[in-house]
Every structure is written in structure tokens, then in C-alpha cells.
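# A structural walkthrough
The primary structure of each chain is shown beneath.
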Amino acid sequence: MPADIVHVDDPVLTRVARKTTPAAALAALGIVYGDLGTSPLYTLQAVVSATGGHFPPEAALGSLSLIFWALIITISVKYCLFVMRADNHGEGGILALMSMTGANWYEGRRILIVMGLFGAALIYGDGIITPAISVLSALEGLNVATEVFKPHVVSMAVAILLGLFAVQSRGTAQIAKAFVPVMLLWFAIIAALGVAGISRYPEVIAAVDPRYGIALLTGHGWSGIAVLGGVFLAMTGGEAMYADMGHIGRNPIRTSWYGIVLPALLLNYAGQVALFLGDPAMDGNPFFRLAPSWSVYPLVGLATIATIIASQAIITGSFSLTRQAMQLGWFPGMRIRQTSSEEYGQIYVPFVNWTMMVLTIGLTVSFGSSDRLAGAYGTAVSTTMLLTTALLYNVMRERWHWPAGPALITSGLFLAVDFAFFAANLFKIKEGGWIPLAFGTLVFIIMVSWHFGFEAMRHRHTVLTETPDEFFR
Amino acid sequence: MPGTAVFLTRVATTTPFLIVEHVAQMRAMYETAIALTVKFDYIPRVAPRDRIELAKLADGFWHITVHFGFVQIPDIPAALRQAKDRGCPINLEDAIYFGARDAVVCYKRRSWLVHVGLRLFTLMFRNSVRAVDLFKIPPEKFVEIGRQIEI
């Protein structure tokens, strides 16, 4: 954590103490944007396989148009402008949003509590896939250069993930300092690769026109919807932006998104799509096809490090989500170790660490490639995003005192987009999409049983307790 | 008995079961007995000035509620130091902490769903960590008293 993000132990001060300094905005790169920033490694590949491998120019431009508008509407407008306004004393994340609605289990509106908890539980669901799919997709870049490594990609990914989970107990605050320059280099390079692709087929810019996207969605029946399931992979990191708001600050996250991450991502996706305009039958990972052949090995190296950073962010995020749920009384007490004297982000929860490790590595081995994992990825987070919009509507009405009209129109627009992605993701259930949903549901059952079991016990304690007057008489 | 005893309890404002039992067994009370409840508020951080609520219930018997936000790392000895500054006669050096190690048993219920949920709870409760690991209480000063709770 950079020195200028001072921790002030006062809820009011914490909010105003965060200024958008260049250092704070850059710090966001190392923590918040790992997932969103490494999505270009597998998103377009998943979109191409959703269309069945045929990627004629109208499908290519349509997909790019959908990615562009999804990043604008959902990430840049819904999350950056609206959801991030909903801060619970500076803190973000769906649990903070849930407590902002003021809903209370014993005073009605239980549905809001259920939505918040289920949304939080589902974050664990996709959290076990993110490290697997990112690291695999980075290593698969090797296959573009040579066939030699093909049988070893999975074992290399397993080795990297094992190493990553094994070092968690030592704390990662020291290594994390190196994340910012690496991610800065990463965004510079993916932007440059994108520009190189666009310069070969500048007509790709036309995809800014939303009609290409709409034509792709409406013209091809169900397969148009399936494309959305692939497009969604570009946005899976969106919920993390909001969850990390507490320790980075709202404005630094916004500044780095509009100034660095969004332009780099858009350029890169456009560059990848441009390649398909030249060769609709191109196979292999389009991300690595953008790079000149001499640079594939260093690029795989950089991509691997970037995906490790993305995985680290997911692991740290799961630790702090667990701590929050635990302290709010929705999760069993678990051993937590502080790995540094800072407030949070530097905690280690062994049980969560080992559970995630076993599941992530299990998924890596059983799916075997990022392309197959893409079929399972996104079902959980797309549900969480839908629930976030529903909770946001309540915050708009009750905390911000918006009239019904504007609140309905704004959240209705977001809900329409969220619902389209949610529906598209339901098509993935058979391909493995049930896994994150089932895991999230299991976490939800644990949360609910813990809470009500504890309440039953507390009730029993009250019965067994005397009042002090009787006792001291 | 001289010294300070801190009883960790989940029930605020009344005399914890633990103290009643303890006094019944020992037939003596500590010079200072503190019933301490940790409460996590629905906000991320609680400012230090709002950390503790101190109430004197009787001579030598205090109730302290310690508030933390849901992203804060709880530190009980630090909170007690604050209570001492505010006039609660705590001897931090030789304070002994008492906590309950409840063995939860679950009896048969009519509703199948409730029963399964409570069984899952008892399983998780048996395996969850103790207060000493969560609240920065010095482990050598921590005494656990076992008892059985039926839910």
C-alpha cells in the first residue's frame, strides 16, 4: 500500500482522506484490474468458439461492438459512475451494499439480505475459476510458437498455482510493490499490440456502431445469445472494482479505468478482431497472434506474471470477503493470520486458501484448457451483477431519495443488460457453468446455517442468564 | 480474590451464565470482574473514540461492550487499556480471560430443513476457532470453561 493512502481510523476521515494522486491511481492497477486486464487473453477465443469457429467479418465486428458497449454500459457507467457512489463509509462490495439498504432480517425485507448474501457467496464460485483460466490462457500462448510445450501446459499451470497458494502464508505485501510497474507495462503492451492490429485493418473501428452488435444478437437466434456468454468474460472483473473500493478509493479507481485500463482493453480487443477481418478462419489464441513471432516467448512470460497478479487479487479478495462475512456473523470463525501490520489486504485465512487451491487445481486439471474453462466461467458473477443492480435500486430510492422515475429508468437499463448476460450464461450450465453456481450455493447454505444456528444458541444463552440484580443480591 | 477477570460473553447487559457458574463453583469473586461483549457493527470501521461502552453494574462488576467495524482486526487488550483510561480499575498485567467452550448438541425437530441446518451448524461450530485466536488475547492468560448447550 502506498504511503499516501493513509489509514485513518475514523469513518468520516477515511472517505475524504483519499485524493486522486497519480500514485494512488497507479496502485489500483496492481490490485483492482488484474482480472479485467487479463481478460483479452481468453475472451475473444471464447467468443469465436461460441459462434462455432466461423468468424466472418459481420460476426467479428458484431462481437467487438458488443464487447465495446458492454464495457461502456456495465463497467464504465453502471459500476464506475453509479454503483461506486454507493459506499458504506468508504467501503464497497455487495455485502456493504446490502447493509446500506438498511434491510434487517427481523424487520422485514429479508429478500434484500438473501440477495446480498447469495451475491457474495457466488463471488467465491467464480473466484475458483479465475486463477485457473487466466494462468492457462497465458501459458497456452506457447502453442502459437511451438507444439513442443503442448502436453506440458497443464502441468506448468498447476505448478504455478501450487506455488502461488503456497506463498500466501508468508504474506504478499512485499511482492505486491512490484505489481504496479508490471501491470503498467502490461497495459502499455496490450495497447501497442492492439494498435498494430488496428493499423492493418482500420475498418475495424466501425464496430463502435452498436448496430453491428444488435445485428449479431438478433440475426442468429440462439447462437447470438451464446456469443454474449463469451463477451461476458471481458467483464468478469467488474464486481472486483467495487469490492476493492475500500482500500484504493473511488476516484483513483475511476481515474485509472478511464485513463489507462479502458483505452488499453478497447485497443487490444479491436486489434484482435482486426486480425479476423483479414483471416476469418484464423485459429490459435488471437491474443498471441497479434504479436510478432519473435516476441511470443517474452509476451507469454509477461502474460503469465500478469495472470499471477490477477489471481493474487482474487485470493486476497476472498480472504477479506471471508473476514467481513465472519465479523458480520454470517460465516464460521476461522483462523486468520495477519501477515503485516496494515489493516487488511494483508491477512491470511488458511482454510480459504487451501480450499481454493484444491478446487482451482482440480478445475485446471479436469478442464485442461482455457477454452473449455470459458464454458464454465461467468455464470456466478453474472448472477451477482444482476443482484447488485437490484440492491442498487433500493439504495437509489432509500438512501439517495431518488424519485421512482429516474431510479427505475437507470436501474432498468442496467437490469436489461445484466439480464441479457445472465440469460446467456444460463446456456453454459451444462458445459460446467453449474460448478461455480453449485459452489456459491454451498457457501450460501453455510452462511445461512451458521447465522441461524448461532441465533438459536444466543437465544439459549439468554434463557440461561440471570439479571445482575438477582445475582448480586 | 485479587486481580481482574474478564469474562467473554455474547449476551450484553445481563450477568453471563459463565460468571454465575464460576462464582457458584469457586464461592468467590474477583476484585474486578468484567463481562465483555465484542460487537461488530454494520459499518466498516469504528473510530477509537466509539470503541468501548463502559457500564458499572455493581461494585467491582463492570460491563464493557467493544465495538469494531467489519473490516477491522479486533484487539481486546487494546480496548481494555482504553477502558482503564476511562476509570475501570483493570490490572492488565495479571488479567485472566475466561471464555466458554460450548459443546452444542442439537435435538430432534419437527421441521426437517431446520434440523439439517442446525446439524450443519453444530458441525461447523465444533470446528470453528476460539475467541482467543480472533481477539488478540494472550493465549497463556486464557481459560476455557466447557459446558453443553442444547439447541
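Residues numbered from 1 in each chain as written. Chains lettered and ligands numbered in written order. Predicted model: local features only at pLDDT ≥ 70, side-chain atom pairs only at ≥ 80, totals over all residues. Heavy atoms only, no water.

## Comments concerning the packing of aromatic side chains
Convention followed: Centres within 6.5 Å make a pair out of two Phe, Tyr or Trp rings, where for Trp the six-membered ring is used; the pair is then stacked when the planes are under 30 degrees apart, edge-to-face when over 60, and tilted otherwise. By the criteria applied, helices consist of DSSP H or I runs no shorter than four residues and strands consist of E runs no shorter than two, each listed in order from the N terminus. Here, a charge over a ring means that NZ of Lys or CZ of Arg falls within 6 Å of the ring centre while also lying within 35 degrees of the ring normal.
The full count for this structure, using the stated rule, is 23 aromatic pairs over all chains. Ring geometry for Trp330(A) against Phe452(A): centres 6.3 Å apart, planes inclined by 80 degrees, an arrangement best described as edge-to-face. In this pair, Trp330(A) sits in the loop between helix H19 (296-327) and strand E1 (337-338) while Phe452(A) sits in helix H24 (residues 434-464), placing the two residues 122 residues apart along the sequence. Taking the centre distance of 5.0 Å and the plane angle of 15 degrees together, the rings of Phe7(B) and Phe98(B) count as stacked. With Phe7(B) in strand E1 (residues 4-8) and Phe98(B) in strand E5 (residues 96-105), the pair connects residues that are 91 residues apart, well separated along the chain. One aromatic cluster is present, built from ring pairs that chain together Phe82(A), Trp400(A), Trp402(A) and Phe414(A). Positioned above the aromatic ring of Trp400(A) is the side chain of Arg85(A), whose terminal nitrogen or guanidinium carbon lies 4.4 Å from the ring centre.

## Some thoughts on the sheet that holds E5(B)
Residues and elements named next belong to chain B. Which entries qualify depends on this criterion: The rule for pairing is simple: two strands pair if DSSP sees at least two bridges between them. Between N-to-C directions, angles cover 0 to 180 degrees, with each direction set by a line fitted to C-alpha atoms, over the stretch in contact for helices. Contact criterion: two residues are considered in contact whenever any of their non-hydrogen atoms come within 4.5 Å of each other.
A sheet is described by the order of its strands in space; here 6 strands give the open sequence E3-E4-E2-E1-E5-E6, paired in mixed fashion. Each end of this open sheet is capped by a strand with a single partner; those strands are strand E3 (52-58) and strand E6 (142-150). Taken pair by pair, the neighbouring strands of this sheet meet at an average axis angle of 25 degrees, ignoring direction. Where strand E2 (residues 32-40) and strand E4 (residues 61-68) come together, 8 bridges link them in parallel fashion. Residue pairing in the sheet places Val-38 in a bridge with Val-66 of E4. Helix H2 (residues 76-85) rests against E1, E2, E3, E4 and E5 of the sheet, and its axis sits at about 65 degrees to E3.

## Quick notes on the environment of Ala404(A)
All names here are of chain A. Which entries qualify depends on this criterion: Throughout, exposure labels follow a simple rule: accessible area from a 1.4 Å probe, protein chains only, divided by the maximum for the residue type, with under 20% read as buried, over 50% as exposed, and the rest as partly exposed.
Here Ala-404 shows up in helix H23 (residues 404-426). For Ala-404, a relative accessible area of 33% puts it in the partly exposed group. Considering only alpha carbons, one finds Ala-404 and Ala-23, 381 residues apart in sequence, at a separation of 40 Å.

## A closer look at a nonpolar patch on the surface
Here is the rule we go by: Each patch is built from residues that are more than 30% exposed by relative accessible area and take part in no salt bridge. Like charges join if they lie within 9 Å; nonpolar side chains (Val, Leu, Ile, Met, Phe, Trp, Tyr) join within 5 Å. Residue-level accessible areas treat just the shown protein chains as cover; the underlying method is Shrake-Rupley with a 1.4 Å probe. Salt-bridge detection follows one rule: a side-chain nitrogen of Lys or Arg within 4 Å of a carboxyl oxygen of Asp or Glu.
A surface patch of nonpolar side chains, amounting to about 250 Å² of accessible area, comprises Trp69(A), Ile205(A) and Val208(A). Relative to the assigned elements, Ile205(A) resides in the loop between helix H12 (179-200) and helix H13 (210-219).

## A few points about helix H20 (residues 350-367) of chain A
Residues and elements named next belong to chain A. Rules: Take the residue count of a helix, subtract one, and multiply by 1.5 Å to get its expected span. Here the arc refers to the set of directions running from the helix axis out to each C-beta atom.
Its 18 residues place the ends of H20 26 Å apart at the C-alpha level, agreeing with the 26 Å of an ideal helix rising 1.5 Å per residue. Listing the buried residues of H20 in full gives Val-352, Asn-353, Met-356, Met-357, Thr-360, Ile-361, Leu-363, Thr-364 and Phe-367. Projected down its long axis, H20 carries its buried residues within an arc of 155 degrees, all on one side. Exposed residues pointing more than 90 degrees away from the buried face of H20 are listed as Phe-351, Val-358, Val-365 and Ser-366. Looking one or two places after H20, you find Gly-368, whose phi comes out positive at around 80 degrees.

## Observations concerning the environment of Arg119(B)
As for its position among the elements, Arg119(B) is in helix H3 (residues 112-127). Separated by 79 residues in the primary sequence, Arg119(B) and Phe40(B) place their C-alpha atoms 25 Å from one another.

## Points about the pairing of E2(B)
Residue and element names in this part refer to chain B. With respect to burial, E2 is a largely interior element, 7 of its 9 residues being buried. Here E1 runs beside E2; their pairing, made up of 5 bridges, is parallel. Across the sheet, Val-6 pairs through a bridge with Ile-34, a residue of E2.

## Considering unusual backbone geometry
Residues and elements named next belong to chain A. Despite not being glycine, His-89 shows a phi value in the positive range, around 50 degrees. Relative to the elements of secondary structure, His-89 occurs in the loop between helix H5 (57-82) and helix H6 (94-100). Classification of His-89 as partly exposed rests on a relative accessible area of 32%. In this structure, His-401 is a non-glycine residue whose phi angle is positive, near 55 degrees. Here His-401 is to be found in the loop between helix H22 (379-398) and H23.

## So, the confidence of the model for chain B
Residue and element names in this part refer to chain B. In plain terms, the rule: Along the chain, pLDDT gives the predictor's confidence residue by residue, from 0 to 100.
Within chain B, residue pLDDT values average 82, and 87% of them lie at 70 or more. For chain B, helix H1 (residues 17-26) is the element with the lowest average pLDDT, namely 69, and H2 is the one with the highest, namely 90. Here the prediction assigns the complex a pTM of 0.87, and the interface score ipTM is 0.81.

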